[in-house]
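Understanding the architecture of this molecule
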Amino acid sequence: MPDRRMSHLDIATLREQHADHWMKACALRALAMDAVQAANSGHPGMPMGMADVATVLFEKHLKFDASAPDWADRDRFILSAGHGSMLIYALLHLTGYADMTLDQIRNFRQWGAITAGHPEYGHVRGVETTTGPLGQGISNAVGFAMAEESLRARFGKRIVDHYTYVIAGDGCLMEGISHEAIGLAGMQKLNRLIVLWDNNDISIDGKISLSDVTDQRARFAAAGWTVLSCDGHDPADIDRALTKAKRSDRPVLVDCKTHIGFGSPKKQDTAGAHGSPLGSDEIEATKAIYGWKHAAFDIPADIRDAWAQIGARGGEARSEWESRLAGLSDARREEFTRQMTGGTPKRLASVIRALKRQNSDAQPKVATRKASEMVLEVVNPVMPETIGGSADLTGSNNTRTGDLGVFDPENRKGRYVHYGIREHGMAAAMNGMVLHGGVRPYGGTFLCFTDYARGAMRLSALMGVPTVYVMTHDSIGLGEDGPTHQPVEHLAICRATPNTWTFRPADLIETAEAWELALTAEKTPSVLALSRQNLPTVRTKHTGRNLTALGGYVLREAEGKRGAVLMASGSEVEIALKARDLLQADGIGTRVVSMPCMELFAAQPEDYRKKVLPAGPVRVAIEAAVRQPWDQFLLGNRGREAKAAFVGMESFGASAPADRLYKEFGITAEAVAERVKSLL
């Protein structure tokens, strides 16, 4: 049965019985109130309510060293309730993270400051992931815990042995993604994952009862979690719960009953403490209740010293770990470092080149989803850090190769995850794996279902983490499943997302090149849009150069005077080549440009783009999707409306065999040729 003990210490008792703890926690509260007030923007209530929990966690349980924020075996702390960002900023400042200066705290939410409104990965050392979109942090944490399990199995407990702690709020638990995340974590028995629920019964609109009646403790227990409870303001009870949590053989939810805006005479336990400054008079009254007699942003030396000692507490453990790491063989230590820092093995380029050479000669006709599997068959053996998976579409996505084994509680060395029908949870967990380090995850579903994963995919791009999304069944070419499964607008959505590479390869050669780019990317996620239907090899002449890295390139040159340039991606490159044959037969010189990645082509020097897309000839783009992203190349780059056209989709698809659909929607070589002639 879930542990349901609940008691509530009042402030007077806390000040009397836990004086040292109380003043350290009040330092967090004071900085949160002061910073939000100075910015005239922010969320003071959650930091005020969870300061006691955070103080106990950092002082007595969290393994970290503020002087070494990137220590590989540190415990991870994730503030899923990212609106309470001043809690983590205050913690980092007081424990001694060098970049979190008092000036940064004073400039909370201001231009150029690292103290953004919601914590952002890459801006601040000690912020493990970008949070704010509720539910993402707790879902990332599942990936962190999975990465820790995988690495511990590969390198041993002496090198990898840490926990992932999460502070999550009611909003995180109401978001649908949390259901996917807790179900996955429970099934995987991730007992190094501990979630501290800020159970304060308040959201922006008011009482949680306005919108929700869920028994969260029963929900987590039903998903296979251990459920504990504590008074979120009693340091002894918090310590008891955390100590017990670390002994569980399952993931743990600790229900921390708290008061939002704790101590505020007018705003405690109200929505008024949630998302706006308390006001100077209310801050003064609250500090008086705390017994905090210091000016705004002023932390007395003895309290600073106490927090600094907490920040240095992990130094000895880190030194011992460094000695253990140094005791590994040179090769094993170098491999651990390579994987943790995201480097790729030297053999990757050579196995990709060999695969390209072999198939330029063999010229197989395979779907690019199958081509992707063929690439993974040579990549996975040389990259032991890859962890593949699928949202219950393994046989359709072709994401599992024979050497991986299934990652589950019985086999932590397994490298394939059955995520179930949890596209969003899968995407967020993969982000967590990348952020943890030591894992290169990829996961598959249908391209149409990027809709379900969009929130996490956007955060991949925002954070600059190279998560790989294997999105198959990329057009009406999937056929009979019909318009519910046929993506039309999805390529445009992916391409519209900043810092995302959307690859739509035309054959096995381009697929191999796309994978090479995705696996060597440092700060850019990749979407591989792959076909269900078989496609011919269009790159029949081997080159060691990765032409997909150019984004777009001349696949077939015009014979005679160039009258037209056809641009296409993926399965429509075959159509463009057939249209070229028709046009050339009529004496119209036609160049075919394969465009596997618009983002990379747009990033090429202008001179190169001018050579590929010269002014003058008619331009026609062909893609079984909407036109929108093609206009930058049809009308821009010296193109003209009068000499440009698009052959593709203007509506949703239909249920029928693929060949019939292409004819009915007019995406044929004959239609392309006629469109060119009409523009000449």
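Further up the page is the structure itself.
So, here is what we can say about the structure in this document. (Residues numbered from 1 in each chain as written. Predicted model: local features only at pLDDT ≥ 70, side-chain atom pairs only at ≥ 80, totals over all residues. Heavy atoms only, no water.)

1. Description of the overall build of the protein
Test applied: Elements are defined by DSSP. Helices are runs of H or I of four residues or more, strands are runs of E of two residues or more, and each kind is numbered from the N terminus. Put simply, the radius of gyration uses C-alpha atoms, and a globule should come to 2.2 Å times the residue count raised to 0.38. Only the protein chains shown count as cover for residues, and all accessible areas are computed by the Shrake-Rupley method using a 1.4 Å probe. Within this scheme the basic residues Lys and Arg register as positive and the acidic residues Asp and Glu register as negative, but His and the chain ends are omitted. The location of each charge is read from NZ of Lys, CZ of Arg, CG of Asp or CD of Glu.
Looking only at helices and strands, one finds 27 helices and 18 strands in the protein. Here the protein has a C-alpha radius of gyration of 28 Å; the compact-globule value for 680 residues is 26 Å, and the two agree. For the protein, the C-alpha atoms occupy an extent of roughly 95 × 55 × 45 Å along the three principal directions. Of the roughly 24,700 Å² of accessible surface on the protein, a fraction of 49% belongs to carbon and sulfur atoms. Charged side chains of the protein number 79 positive and 81 negative; the gap between the two group centres comes to 5 Å.

2. Notes on the side chain of Gln533
Spelled out, the test is: N or O atoms closer than or at 3.5 Å make up a polar contact, with two conditions inside protein: a donor-capable atom paired with an acceptor-capable one, and, for residues adjacent in sequence, both atoms drawn from side chains.
With respect to the helices and strands, the residue Gln533 is situated in the loop between strand 13 (526-530) and strand 14 (553-556). A polar contact of 3.5 Å, which involves the side chain of Gln533, links it to the side chain of Tyr662.

3. Points about the pattern of salt bridges
Oppositely charged side chains are able to pair whenever their charged atoms sit close together. Our working definition: Take a side-chain nitrogen of Lys or Arg and a carboxyl oxygen of Asp or Glu: if they are within 4 Å of each other, that pair is a salt bridge. Three exposure classes are used, based on accessible area relative to the maximum for each residue type with a 1.4 Å probe and protein chains only: buried under 20%, partly exposed in between, and exposed over 50%.
Under the definition given, this model contains 37 salt bridges. Residues Glu574 and Lys578 are paired through a salt bridge, measuring 3.4 Å at the closest nitrogen-oxygen approach. You can see Glu574 and its partner Lys578 sitting in helix 22 (residues 572-585), four residues apart, about one turn around the helix. With a shortest N-O distance of 2.6 Å, Arg627 and Asp631 are connected by a salt bridge. For Arg627, a relative accessible area of 25% translates into the label partly exposed. Relative accessible area serves as the criterion here: at 26%, Asp631 is assigned to the partly exposed category.

4. A short note on unusual backbone geometry
The backbone phi angle of Asp201 is positive, close to 65 degrees, even though this residue is not glycine. Here Asp201 shows up in the loop between strand 3 (193-199) and strand 4 (202-203). Backbone geometry at Asn637 places phi at a positive 50 degrees, although glycine is not the residue there. Residue placement: Asn637 occurs in the loop between helix 25 (631-634) and strand 18 (644-648).

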